[in-house]
Amino acid sequence: MQFDLIALDADDTLWQNEIYYRRGRDAFNALMAKYGFPDPDKVRLHEIEISNLEFYGYGAVGFAISIAEAAVELTSGEIEAADLLKLLAISKDIISAEVEIYDGVEETLRALADYHPLMLITKGDRNHQESKITRSGLKGYFEQIEIVPEKSPDTYQGILEMYDILPERFIMVGNAMKSDILPVLEIGGNAVYIHNDLTWAHEHTVQHELPEERFFEIDSISDLPDLIRQLEVENPT
Ligand SMILES: [Mg+2]
């Protein structure tokens, strides 16, 4: 195997992301406890979040609107305006949170970029994603950065066509089966899944039959350079 392009996901692959949403959910739970609902329905909140994706896309703003909607619904409209504002302001906390890069990321990117062009493919709110990429200090390792509304097979197909890359010479690395792995395998590409305990529930999927010759798993991003080397050197076809 030889790769003309290595693409990496950003959120929860290079840096912390889901943890800020968990804190937001905790704040929502704490506030609802104050109104006498100590254990708000997680499934209902998730439904509201998913139904709002088509309007607001992925990101902090849609999340904050979703928890506000859930709070109004749960309290039958009794929530005080000041508390509603607190929930909406959680988006500001998420957007202004420091970019916490995982251990080993910079060394990994440096090692990979010596031999391969790297691309960052991330989904979500463009302003927030651009701000995180700039603040991360990692921008210089990537030849291309693609911020997309959704990571579907068509999205990846479009990117490969735009850069004239064959799927079999493309490898995508990320923490989310639904966004980073399955759509890439579907179009004939290669994918590396990095385990991350914090991956958002929406990104979990049922067990799929995965093509083992094109699907790889690692526990840490630091294992990536060795894996790529093995695939290219030990399987040079
Ligand atoms: Mg991710």
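Residues numbered from 1 in each chain as written. Predicted model: local features only at pLDDT ≥ 70, side-chain atom pairs only at ≥ 80, totals over all residues. Heavy atoms only, no water.

## Considerations on the pairing of strand 5 (residues 190–194)
Which entries qualify depends on this criterion: Each residue is assigned to one of three classes by its accessible area relative to the maximum for its type, calculated with a 1.4 Å probe on protein chains only: buried under 20%, partly exposed between the two thresholds, exposed over 50%. Here a helix means four or more residues in a row that DSSP labels H or I, a strand means two or more in a row labelled E, and each is numbered from the N terminus. Pairs of strands are assigned from DSSP output, requiring at least two bridges between the strands. The path from the first strand over the helix to the second decides the hand: if it runs clockwise while the strands point away from the viewer, the crossover is right-handed.
Taken across its five residues, strand 5 has five buried, putting it largely inside the fold. In terms of strand pairing, strand 4 (residues 170–174) meets strand 5 through four bridges, oriented parallel. Opposite Gly174, over in strand 5, you have Tyr193 as the bridge partner. Read from strand 4 through helix 8 (residues 177–186) to strand 5, the crossover connection turns out right-handed. With four bridges connecting them, strand 5 and strand 6 (residues 215–218) associate as parallel partners. Within strand 6, the position partnered with Ile194 by the bridge is Ile218.

## Quick word on the coordination of the magnesium ion
Selection rule: Sites may look incomplete because water is not among the atoms; the donors themselves are N, O and S atoms within 2.8 Å of the metal, or within 3.2 Å for Na, K and Ca.
Protein-derived ligands of the magnesium ion are Asp9 (OD), Asp11 (O) and Asn175 (OD1), with the metal-ligand distances lying across 2.1 to 2.2 Å. Site description for the magnesium ion: donor spacing in sequence, D-x1-D-x163-N. The buried category is assigned to Asp11, whose relative accessible area is 12%.

## Looking at the side chain of Thr75
Spelled out, the test is: Here a polar contact is taken to be a pair of N or O atoms separated by no more than 3.5 Å, where protein atoms must pair a possible hydrogen donor with a possible acceptor and residues adjacent in sequence count only if both atoms sit in side chains. Contacts: residue pairs with any heavy atoms within 4.5 Å of one another.
Tracing the chain through its elements places Thr75 in the loop between helix 3 (60–74) and helix 4 (81–96). Take Thr75: its relative accessible area is 5%, and that puts it in the buried class. Of the polar contacts made by the side chain of Thr75, one reaches the backbone oxygen of Ala71; its length is 2.8 Å. Dropping the residues within four chain positions of it, Thr75 is found in contact with Met32, Tyr35 and Phe37.

## Brief notes about the nonpolar core
Keep this limit in mind: To define a nonpolar core, start from buried Ala, Val, Leu, Ile, Met, Phe, Trp, Tyr and Cys residues and group those joined through side-chain atoms within 4.5 Å.
In terms of nonpolar packing, the biggest core is built from 29 residues, with Leu8, Leu14, Phe142 and Leu224 touching the most fellow members. Residue assignment for this core shows that the elements contributing at least two residues are strand 1 (5–8), helix 5 (105–113), strand 2 (118–123), strand 4, strand 5, strand 6 and helix 9 (224–234). No other element matches helix 9, which puts four residues into this core. Apart from residues lying up to four places away in sequence, Leu8 is in contact with Leu14, Leu109, Met119, Leu120, Ile121, Phe142, Met172, Val173, Ile221 and Leu224. If you look at the next biggest cluster of nonpolar residues, it comprises 18 residues, including Tyr20, Leu45, Phe63 and Ile67.

## Description of the environment of Trp15
Secondary-structure assignment places Trp15 in the loop between strand 1 and helix 1 (18–34). Separated by 90 residues in sequence, Trp15 and Val105 place their C-alpha atoms 8.4 Å apart. Apart from residues no more than four positions distant in its own chain, Trp15 is found in contact with Ala10, Val99, Glu100, Ile101, Tyr102, Lys132, Ile133, Ser136 and Leu138.

## Structural notes on the side chain of Ser66
In this structure, Ser66 sits in helix 3. Those residues in contact with Ser66, other than ones at most four positions away along the chain, are Leu45, Ile48, Glu49 and Asn52.

## Overview of the sheet that holds strand 4
The condition that has to hold: Here, axes are lines fitted to C-alpha atoms. For helices the fit covers the stretch in contact, and angles between N-to-C directions go from 0 to 180 degrees.
Pairing in this open sheet of six strands is parallel, and the strands run 3-2-1-4-5-6 from one edge to the other. Looking at strand neighbours, the two that pair on one side only are strand 3 (144–148) and strand 6, the edges of this open sheet. When strand polarity is set aside, the average angle formed by the axes of neighbouring strands in this sheet is 20°. Of the pairings in the sheet, the one linking strand 2 to strand 3 comprises five bridges and is parallel in character. Directly across from Thr122, in strand 3, lies its bridge partner Ile147. Packed on one face of the sheet, helix 8 meets strand 2, strand 4, strand 5 and strand 6 and runs near 160° to strand 5.

## Brief notes about the domain arrangement of the chain
Test applied: Just so you know, the domain bounds were taken from an automatic or database domain assignment. What makes a salt bridge here is a side-chain nitrogen of Lys or Arg within 4 Å of a carboxyl oxygen of Asp or Glu, nothing more.
In terms of domains, the chain is made up of domain 1 (5–15 + 100–234) and domain 2 (18–96). A C-alpha centroid distance of 29 Å is found between domain 1 and domain 2. On the domain 2 side, the residues contacting the 15 residues of domain 1 number 13 residues. Where domain 1 touches domain 2, the interface holds zero salt bridges. At the junction of domain 1 with domain 2, the criterion picks out five residue pairs in polar contact (both at pLDDT 80 or more).

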